[in-house]
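# Results of the structural survey
Residues per chain are reported as follows:
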Amino acid sequence: MFDLPDFDAHEGVHLFHDRDTGLKAIIALHSTHRGPGGGGTRFWRYPTSTAALTDALRLSRGMSYKNAMAGLPAGGGKAVILADGPKTPAMMEAFGRAVDSLGGRYVTAEDVGMTQEDMVTIGKVTRFVSGLPAGEGELGGSPAPATAAGVFEGLKAAAERGLGRSAFDGVRVAIQGIGSVGGRLAELLAQAGAKLTLADVARERAAELAARLGAELADAESIHSADVDVLAPCALGATLNPQTIPAIRARVIAGAANNQLATPADGAALAERGILWAPDYVINAGGIIWVTRAYLGETDEAKVMAEVHAIGPRVGDVLNRSAAEGRTPGEVADAMAQRLIGR
Ligand code: NAI
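Calculation notes
- Residues numbered from 1 in each chain as written.
- Predicted model: local features only at pLDDT ≥ 70, side-chain atom pairs only at ≥ 80, totals over all residues.
- Heavy atoms only, no water.
- Core = buried A, V, L, I, M, F, W, Y, C linked by side-chain atoms within 4.5 Å.
- Buried < 20%, exposed > 50% of the residue type's maximum accessible area, 1.4 Å probe, protein only.
- Domains from an automatic or database assignment.
- Contact = heavy atoms within 4.5 Å.
- Near = heavy atom within 4 Å.
- Polar contact = N/O pair within 3.5 Å; in protein donor to acceptor, adjacent residues only side chain to side chain.
- Areas by Shrake-Rupley, 256 points an atom, 1.4 Å probe, with all protein chains shown as cover.
- Helix = DSSP H or I, 4+ residues; strand = E, 2+ residues; numbered from the N terminus.
- Nonpolar A, V, L, I, M, F, W, Y, C, P; charged D, E, K, R; others polar.
- Salt bridge = Lys/Arg side-chain N within 4 Å of Asp/Glu carboxyl O.
- Buried area = accessible area lost by both parts, 1.4 Å probe.
- Pairing = 2+ DSSP bridges.

### Notes on the nonpolar core
Core analysis: the largest hydrophobic core is formed by 63 residues, its most contacted members being Val-173, Ile-175, Leu-185, Leu-189, Leu-196 and Leu-198. Three or more residues apiece are contributed to this core by two domains, here domain 1 (12-66 + 74-122) and domain 2 (144-284 + 313-340). Not counting the four nearest positions on each side in its chain, Leu-185 is found in contact with Ala-148, Val-151, Phe-152, Leu-155, Ile-175, Ala-232 and Cys-234. Formed by 23 residues, the second largest nonpolar core is a distinct cluster that contains Leu-29, Ala-94, Ala-98 and Met-114.

What follows is the structure, encoded as structure tokens:
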């Protein structure tokens, strides 16, 4: 385990098994240098347990970097539950007890395959869970609007540098994935005067929004090569890869999706083509800022949103350093994040 390429000096990797409910879970804690490891739980069917471990390790390191760059008092951790069978409330409670056994070194949240309801069930047995529905006078609820708001600010900063445009009026933006974040981002951009092209594998969803916002509709298979100024990946990861990069016509890429680059080499390939890329974990931190501040008891929405809006200048700073130092934006962000977590 210690020799796995993704181990990267994790502070701890915990394996949990509950015979009664069939729970098999891995909680990876990359760093608690800045605070308890914060990061969601993924419920996913993996081909092997090694694949599950690799995913947990990569995701938890990603959370260390994301939380550090967001300026949060949180470290990085992530949990995966191996979906070998059905997900039951009893299994969620067993998982909650696993989280609780770490005594607050790891605080969980929702990720792929998990629901608000699961979080509420987990919350019955541990207080180390964020992203719960808001109670009276509390902040809470879906992180997606805050994520979209942060992406909007980051996209503005990237467009300033990559296109020399400080306003969105007439800027052509293609959005790949019109889900919770992509849909909201489309509305913000439309309000700001951008000309939108939308695509989603759920074509109906994109068509409906396109009609409402007066946007163009494109195929999900070819949206990456749309003739636009900015491409905003808001679907799944690894959409920037050796197959797609040569066809991209946008000069700026800035979107919400996690792990947009298939490999770090794709960051270099974008730079070689003169395409400006806003590192995903810097620009998409709005949601984690929202849920973490709510978890820490913050009730002032304006204060939290000011923190989300600071993503714009932060993306700008990374891109400025990248230009000045001749390193890719990804390399610059990684180095900044590593310094922040004392590595
Ligand atoms: P979502 O599940 O609501 O939306 C994703 C959308 O992408 C869906 O409409 C889906 O049909 C579409 N899609 C899937 N594959 C596609 C493809 N190949 N081409 C075009 N469309 C495709 O997810 P959500 O919450 O909007 O998140 C979007 C991305 O942003 C994900 O990568 C997620 O990990 C990331 N993210 C989300 C955050 C949040 O607050 N929800 C926070 C940080 C990152």
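Following the structure, the description resumes.
### Considering the site of the ligand
What surrounds the ligand is a group of 20 residues, the closest being Thr-147, Val-181, Asp-200, Arg-205 and Ala-235. Within the side chain of Thr-147, a nitrogen or oxygen atom sits 2.6 Å from an oxygen atom of the ligand. A distance of 3.3 Å separates an oxygen atom of the ligand from a polar backbone atom of Ala-256. Here the ligand has 830 Å² of accessible area as a free molecule, and 73% of this is covered by the chains. Of all the elements in the fold, those that place two or more residues in the shell around the ligand are helix H4 (144-163) and helix H5 (180-191). When the residues that make up the shell around the ligand are grouped by side-chain class, the tally is eleven nonpolar, six polar and three charged.

### Some points on the pattern of salt bridges
Opposite charge on two side chains permits them to pair, given that their charged atoms come into close proximity. On inspection of all chains with the given rule, the structure shows 19 salt bridges. The salt bridge partner of Arg-42 is Asp-55, with a shortest N-O separation of 3.7 Å. Of this pair, Arg-42 sits in strand S4 (residues 41-44) while Asp-55 sits in helix H1 (residues 49-69); the two residues are 13 residues apart in sequence, bridging distant segments of the chain. Residue Asp-111 pairs with Lys-78 through a salt bridge whose shortest N-O separation is 3.6 Å. Within this pair, whereas Asp-111 is found in the loop between strand S6 (106-107) and helix H3 (116-122), its partner Lys-78 is found in strand S5 (residues 75-82), the two being separated by 33 residues in sequence.

### A closer look at the domain arrangement of the protein chain
Note: interface size is frequently given as the accessible area lost on complex formation between the parts. Annotation of the protein chain at the domain level lists domain 1 (12-66 + 74-122) and domain 2 (144-284 + 313-340). Using only C-alpha atoms to locate each centre, domain 1 and domain 2 end up separated by 28 Å. Taken together, the five residues of domain 1 in the interface contact eight residues of domain 2. The three residues of domain 1 that bury the most area against domain 2 are Arg-34, Tyr-65 and Lys-66, which together make up 83% of that side's buried surface. At the junction of domain 1 and domain 2, the tally comes to zero salt bridges. Scanning the region where domain 1 abuts domain 2 turns up three residue pairs in polar contact (both at pLDDT 80 or more). Across the side of domain 1 that touches domain 2, the residue classes break down as two nonpolar, one polar and two charged.

### A few points about the side chain of Glu-153
By the element assignment, Glu-153 lies in helix H4. Ignoring any residue separated from it by four or fewer positions in sequence, one finds Glu-153 in contact with His-309 and Gly-312.

### Details of the environment of Ala-324
With respect to the helices, strands and loops of the structure, Ala-324 is situated in helix H11 (residues 311-325). For the pair formed by Ala-324 and Arg-105, sequence separation is 219 residues and the distance between their alpha carbons is 38 Å.

### Description of the side chain of Asp-118
Tracing the backbone shows Asp-118 in helix H3. Looking at Asp-118, its side chain comes within polar contact range of the side chain of Lys-87, at 2.6 Å.

### Some remarks on the sheet that holds strand S11 (residues 252-253)
The strand order S9-S8-S7-S10-S11-S12 describes an open sheet built from six strands, whose pairing is parallel. Unpaired on one side and paired on the other, strand S9 (216-217) and strand S12 (276-277) mark the two borders of the sheet. In this structure, S11 lies alongside S12, joined through two bridges in parallel fashion. The residue of S12 that forms the bridge with Val-252 is Leu-276.

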